[in-house]
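Residues per chain, in single letters:
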Amino acid sequence: MSEKKEANIIEIEQEVEPVKPVVVEEKPAAPSPPPPQPTVQQPVVSKEKPKSKRKDNVNIVFIGHVDAGKSTIGGHILFLTGQVDKRTLEKYEREAKEMNRESWYLSWALDTNDEERDKGKTVEVGRGYFETDKKRFTLLDAPGHKCFVSNMIGGAAQADVGILVISARKGEFETGFDRGGQTREHALLIKTAGVKHLIILINKMDDPSVGWDKARYDEIVNRLSPFLKQNGFRGSDLKFMPASGLTGANLKEPLDPSVCPWYDGLPFLQYLDNLPSFKQDQTGKPFRMSIVEKYRDMGTFVQGKIISGAIGKNESLTIMPNKTTVQVTDVLIDDEESEMADCGDNVKLKVKNIEEEDVAAGMVLCSLDNHCKIADRFLAKIQLVELRNIIAPGFNCIMHIHNAVVEVSFQELVGLFDKKTGKRMVDKKGKAVKPRCAKERDVVFAKLQCASPICIESFDQFPQMGRFTLRDEGKTIAVGMVLKASDQLCTVTN
């Protein structure tokens, strides 16, 4: 119950006269019993979920062009924070040396399957955990190869902070940043995913072609800054720092002035530890969690980041669009059991009343009394970023929204956004201009049709479920936000 209602509760006191002693002849008088205490009606307090006393949890994702050193940095951080012991690392080093891959051994802490180790390329989103003095971090290692951008988008959707890893080696930065490189696409996708703070870690500064050269560092910073700001990042949201993932320079300890005299900022882990909290007050908000993956281990487990609300053990939820009621029997945060989980936590939930084969990525766990929308049509504001040709009604592409992937078709272009006025374009009569087609860099309002119904929300209600990316022929062609989703247009049965 709110404080306002509590204040309206009237406390009632009952005045009771003390009982007089009863005097009996031939016996001493009995002592007077103490007067009864006035009874006070206690205010009714609503039962709220107890606040967790864990360290503030932050989800970070490593992104960037292939071979920039993302997995190596992630593996080295796990070693420096004690999550991977020296004996295990020495074992990885011996095995990597036998395969003539001496410099890859650190990445094996996150690249765990044989395919990733043989080719030296991350395929699935690697996952690790570590702690600093003030915070607990979930580390997500996204693939950098253009063939696995779909997996990268899934990792970005779970993150609070993005770590854009750039290779300072001559030629490698240019390859990633030039048109078609993954540096550009990843920066755009991480912003679309809702990540507001981006750390640009300029790696391989110890390479012989660089040698901690400040001129090379400044060149990269000067080329990246305008591009990132153009994609919506503010200057205060960006932090550049030099590093070496292989040697660990500037990851945990400050740089040696004899090695790099021109940088005196905090090292990477200390900077992370001093970041402000990304937690949002979700008291009273309905529960939402988009499922990233599922697996079976003595029961059905689902994994994802809590978008809104909180969840505790033995509570019931609804999986949409199946409309199946499930009970949460276990809550795991960083693979450790917990009584409850809050908004922003990356969790694994063990649920009963549903089989693993009935769960898929992109489904959403919701409160029993507040379900997310299910729709196959919606109105959106879309920015076209890279097109070979034009877009017109009937154009088909693939949409990524939270963790769902679905084919969509442009039904109608209903308006054009005027970048100068910040409003919809209108004709002389004041009617909205309906373009016949749209070209690269245009911002349009369009109605989209999905091939099948999906869980979706408008951007103003649940931003994480209202942002989307459109891709075609292996490239990101547009980003957008859902303005209005239609009501459920088709019957979804359990």
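Everything that follows concerns the structure shown earlier in this document.
Residues numbered from 1 in each chain as written. Predicted model: local features only at pLDDT ≥ 70, side-chain atom pairs only at ≥ 80, totals over all residues. Heavy atoms only, no water.

## Regarding the sheet that holds strand E5 (residues 197–203)
Paired through their backbone hydrogen bonds, the strands of a sheet run either parallel or antiparallel. Across the sheet, which stays open at both edges, the six strands sit in the order E2-E3-E1-E4-E5-E6 with mixed pairing between neighbours. The outermost strands of the open sheet, each flanked by one partner alone, are strand E2 (126–131) and strand E6 (238–242). Each adjacent strand pair in this sheet contributes to an overall mean axis angle of 25°, direction not counted. Direction of pairing for strand E1 (residues 56–63) relative to strand E3 (residues 135–141): parallel, over a ladder of seven bridges. Residue pairing for E3: Asn59 is matched across the bridge by Thr138. (Pairing = 2+ DSSP bridges. Helix = DSSP H or I, 4+ residues; strand = E, 2+ residues; numbered from the N terminus. Axes fitted to C-alpha atoms, helices over the stretch in contact; angles between N-to-C directions.)

## Description of unusual backbone geometry
Cis geometry is found at the peptide bond from Met320 to Pro321, where omega equals 5°. Within the fold, Pro321 resides in the loop between strand E10 (316–320) and strand E11 (324–333). Phi at Lys323 is positive, roughly 60°, even though this residue is not glycine. Positive phi outside glycine occurs at Asp334, with the angle close to 55°.

## Focus: empty space enclosed by the protein
Under the counting rule described, the total for this entry stands at two cavities of 30 Å³ or more. Put simply, the largest cavity is a space of about 220 Å³. If you go around the largest cavity, you meet 19 residues; those closest to its centre are Ala157, Ala193, Ile401, His402 and Gln464. Elements represented by at least two residues in the lining of the largest cavity include exactly helix H7 (182–192), strand E7 (288–296), strand E8 (300–308), strand E17 (396–401) and strand E21 (467–472). In terms of residues, the lining of the largest cavity owes the most to one element, E21, which gives three residues. A per-class count over the lining of the largest cavity returns nine nonpolar, eight polar and two charged. (1 Å grid on protein atoms, 1.4 Å probe; cavity = no way out; pocket = protein on both sides within 12 Å on 5 of 7 lines; lining within 4 Å. Points joined across faces, edges and corners; volume = space filled by probe spheres on them. Nonpolar A, V, L, I, M, F, W, Y, C, P; charged D, E, K, R; others polar.)

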